Amino acid sequence: MYDVVVIGAGPAGSTLARMLNKGFKVLILDKRNLNDNSDYMREKCCGGLIAPDAQKMLAHLGIGIPEEVLTGPQMFSVKSIDFDNRLVRHYQRHYINVDREKFDRWLVSLIPHSVDIKFNCIFKSFKKQDGYIEVKYRDDDREHIVKTKILVGADGAISRVRKQAFTHGAIPDTYVSIQRWYKTNNEMPYYTSIFDRDITDFYSWIIQKGKYLLIGSAIPDDNEANKKFDLMIDRLRDYGFDIGEECKRTGTMIMRTRRLKQIKTTNANIALIGEAAGFISPSSAEGISYALKSGAMLAHSINKCNVDFARDYNIRIKSIKSNIIIKNIKASIMYNRFLRKIIMISKVLSMNVEDV
Ligand SMILES: Cc1cc2nc3c(=O)[nH]c(=O)nc-3n(C[C@H](O)[C@H](O)[C@H](O)COP(=O)(O)OP(=O)(O)OC[C@H]3O[C@@H](n4cnc5c(N)ncnc54)[C@H](O)[C@@H]3O)c2cc1C
C-alpha cells in the first residue's frame, strides 16, 4: 500500500514528490517518458518562459535552473502588438527562456530515489474503498491496480483525476492552445504578445527558441481555432515578421480560471495541485509558479497532517486564490480594448527600444 500516489510528473507533481517526507511510500506516474536519456515523444505544449513569480518560487524552494535547461535568446522586454487599436509598445520584463521538456526532466531528476517513478503509464481511474483508494493505470503491456491512502491529481489542464473526483461543479473556461514552430533567420530579443479580437479574446505570443520562432495562441474552444491561427500567421507576415518554414505543431487545452468556484482542491483523501486544480493566471496563462507553489504547499500539509491534510492545504492555498483574483482584475483591464488603448497611448511603464 502506498501512502501517496501522484498522477503527473509536471512541475506540480515532481515538486510534491520531491518534498514529501522520505518516510512515506510514494509513487509518481506519468504518460510521458521524462527520463533524461529518452527522446521527446509526448512533449508538453508550453511557451517555456519562467516568469518572475516562478523564479521567486524556485528561489524559495532553494533550487536554480541548470545551464543545459536554458535556451536562447534571454529576453528582457515584451513587445505588445495591439491589432485592435493599431498600437505597439515595449515593456520591461524579466523572463528566463527555457526548453520546457528539459525543465520538466530536470525537476524529475531531483525526486529522491525513495520515490517509485513510472513513465509511459496512463492513469485510467480510481475507486474509493474502505480506508484506501484503488488506482488503475495502464503501461505498454497491461493494466495495473495499486492501493494508496492519498491520491493526488497533478495531471494538468485535462485532468482525469479532477473529472472523476469532482463530477459536479464549475470547470475553468477552456481554450484550445496551438503552438507552431517556424524557422527564422533573425534574432528577436523580446517576447511578443499579440492582442487581436478576430483571433481570440485571450492572447497570442511569439517566443524565439534558438533558430525557431515559437508562435502560439489560446483560442476559444470552437471549431474555428485552426482557421483563426492561420489568419494570425498571415497578419504577422504582413506586419513584417520573418516567419519561415513550419517545422512542428503542438496543441493542447488551456484553462482560464475566471471564478474561484472553478478551483477544486480536495475531496476526502484526493487532492489536486497545479493546473489540474485550476491554478493558472487568467491574464497571462502563466502556470509554472502556481504548479511549484501548490506542489510545495501540499507536501507541507501531508508531511504535517498525513491523511488529514485537507484542512491545512485549503488554508495554505488561500494565497494562491487571492493571487488569481488579482490576476482576474488585471485581465479585465488588459483585455478591455478601450482601457488597453488608454494605457498604451499614455505610455505608462512603456520603454523605448532602438531598431537594430
Ligand atoms: C501553449 C501553452 C503555453 C504556456 N506557456 C507558459 C509559459 O511560458 N510559462 C508558464 O509559466 N506557464 C505556461 N503555460 C502554463 C503551464 O504550462 C502550466 O500551467 C504548467 O505546466 C502546469 O503544471 P502542472 O504540473 O500542473 O501540469 P503539467 O505541466 O500539464 O503536467 C501534467 C503532467 O501530467 C501528465 N498526465 C496527464 N494526464 C495523465 C494521465 N491520464 N496519466 C498519466 N499522466 C498524465 C502529463 O503527461 C504531464 O506530464 C502554458 C500553457 C500552454 C498550454
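The chain has the name Oxidoreductase in an unreviewed UniProt entry, where Vallitalea longa is given as its organism.

Participant: Pulling in residues and values, what's your account of the packing of helix H1 (residues 11–19) against helix H6 (residues 288–305)?
Facilitator: One way to put it is that H1 packs onto H6 with a least axis distance of 7 Å and a crossing angle of 30 degrees. Comparing their axes, H6 and H1 come out roughly parallel. Of the two possible hands of crossing, H1 and H6 adopt the one that is right-handed. On H6, the residues that touch Pro11, Ala12, Thr15, Leu16 and Met19 of H1 are Ala291, Leu292, Gly295, Ala296, Leu298, Ala299, His300 and Asn303.

Participant: Can you explain the site of the ligand? Please cite residues and give values.
Facilitator: Taken together, 33 residues lie around the ligand, and Asp30, Arg32, Leu49, Ser177 and Glu275 are the ones closest in. Here aspartate 30 contributes a side-chain N or O atom positioned 2.6 Å from an oxygen atom of the ligand. Leucine 49 has a polar backbone atom sitting 2.9 Å from a nitrogen atom of the ligand. Considered on its own, the ligand offers 990 Å² of accessible surface; in the complex 94% of this is hidden by protein. Counting only elements with at least two residues in the shell around the ligand, the list comes to H1, strand E8 (122–129), strand E11 (173–183), strand E15 (246–256) and H6.

Participant: How would you explain the nonpolar core if you had to name every residue and give the values?
Facilitator: Within the largest apolar cluster, 53 residues are counted, with the highest numbers of intra-cluster contacts made by Leu151, Phe279 and Leu298. A total of six residues in this core trace back to one element, the largest contributor, which is H6. Ignoring sequence-local partners within four residues, the contact set of leucine 298 consists of Leu16, Val152, Ala271, Ile273, Phe309 and Tyr313. Residues Tyr175, Tyr191, Ala218 and Tyr335 belong to the second largest nonpolar core, which totals 23 residues.

Participant: Account for a positive patch on the surface, with residues named and values stated.
Facilitator: Residues Lys31, Arg42, Arg160 and Lys163 make up a contiguous surface patch of positive charge. Relative to the helices and strands, arginine 42 resides in the loop between strand E2 (26–29) and strand E3 (49–50).

Participant: With reference to specific residues and values, describe the sheet that holds strand E18 (residues 350–351).
Facilitator: Spatially, eight strands are ordered E15-E11-E14-E13-E12-E4-E5-E18 in an open sheet, and the strand pairing comes out mixed. Here the strands that pair on one side only, and so sit at the sheet edges, are E15 and E18. Pairing geometry for strand E4 (residues 77–82) and strand E5 (residues 87–92), over six bridges, is antiparallel. Of the residues in E5, the one forming a bridge with serine 77 is glutamine 92. Here helix H9 (residues 337–346) sits on the sheet and contacts E4, E5 and strand E12 (191–195); the angle it forms with E5, its principal contact strand, is near 70 degrees.

Participant: Lay out the UniProt feature "domain: FAD-binding" (unreviewed entry) in the chain in plain terms, naming residues and giving numbers.
Facilitator: UniProt records the feature "domain: FAD-binding" (unreviewed entry) for residues 2–197 in the present numbering. The straight-line gap between the two end C-alpha atoms of residues 2–197 is 49 Å; of that span, 18% is helix and 36% is strand.

Participant: Quick rundown of the side chain of serine 217? Include the residues and the values.
Facilitator: Relative to the assigned elements, serine 217 resides in strand E14 (residues 212–220). When its relative accessible area of 0% is taken as the criterion, serine 217 is described as buried.

Participant: Lay out the environment of threonine 148 with the relevant residues and their values.
Facilitator: Within the element layout of this structure, threonine 148 appears in strand E10 (residues 143–153). Exposure remark for threonine 148: the relative accessible area of 0% places this residue in the buried category. Apart from the residues lying within four places of it in its own chain, the contact partners of threonine 148 are Met1, Tyr2, Asp3, Val4, Val5, Tyr132, Ile133 and Val135. Within the structure, the side chain of threonine 148 is placed 3.5 Å from the backbone oxygen of tyrosine 2, a separation counted as a polar contact. At a separation of 3.4 Å, a polar atom in the side chain of threonine 148 contacts the main-chain carbonyl oxygen of aspartate 3.

Participant: How would you explain the pairing of E14 if you had to name every residue and give the values?
Facilitator: Burial of E14 is extensive: seven of the nine residues sit out of reach of the surface. Bridge analysis of E11 against E14 gives nine bridges, and the strand direction is antiparallel. Bridge assignment links glutamine 179 to a residue of E14, and that residue is glycine 216. Sheet topology places strand E13 (residues 204–209) next to E14; six bridges connect them, and they run antiparallel. Residue pairing across strands places lysine 209 opposite tyrosine 212, the latter belonging to E14. The turn joining E13 and E14, which pair antiparallel and follow one another in sequence, is formed by two residues; a positive phi near 60 degrees is taken by glycine 210.

Participant: I'd like a description of helix H8 (residues 318–334), backed by residues and values.
Facilitator: Between its first and last C-alpha, H8 extends 24 Å over 17 residues, near the 24 Å set by a 1.5 Å rise per residue. Buried positions along H8 lie against helix H2 (52–61), E15 and H6.

Participant: An account of the pairing of strand E1 (residues 2–7) is needed here, citing residue identities and associated values.
Facilitator: Here E1 lies mainly inside the structure; six of its six residues are buried. One ladder, built from five bridges, connects E1 with E10; its direction is parallel. Directly across from isoleucine 7, in E10, lies its bridge partner glycine 153. Across four bridges, the pairing between E1 and E2 is parallel.

Basis of the calculations
Residues numbered from 1 in each chain as written. Predicted model: local features only at pLDDT ≥ 70, side-chain atom pairs only at ≥ 80, totals over all residues. Heavy atoms only, no water. Axes fitted to C-alpha atoms, helices over the stretch in contact; angles between N-to-C directions. Helix = DSSP H or I, 4+ residues; strand = E, 2+ residues; numbered from the N terminus. Parallel < 35°, antiparallel > 145°, perpendicular 65-115°, else oblique. Left-handed = near helix turned anticlockwise from the far one by under 90°. Contact = heavy atoms within 4.5 Å. Near = heavy atom within 4 Å. Polar contact = N/O pair within 3.5 Å; in protein donor to acceptor, adjacent residues only side chain to side chain. Areas by Shrake-Rupley, 256 points an atom, 1.4 Å probe, with all protein chains shown as cover. Core = buried A, V, L, I, M, F, W, Y, C linked by side-chain atoms within 4.5 Å. Buried < 20%, exposed > 50% of the residue type's maximum accessible area, 1.4 Å probe, protein only. Patch = residues over 30% accessible without salt bridge, like charges linked within 9 Å, V, L, I, M, F, W, Y side chains within 5 Å. Salt bridge = Lys/Arg side-chain N within 4 Å of Asp/Glu carboxyl O. Lys, Arg positive; Asp, Glu negative; His and termini not counted. Charge placed at Lys NZ, Arg CZ, Asp CG, Glu CD. Pairing = 2+ DSSP bridges. UniProt positions renumbered as here; feature names shortened; annotations may be inferred. Expected span 1.5 Å × (residues − 1).

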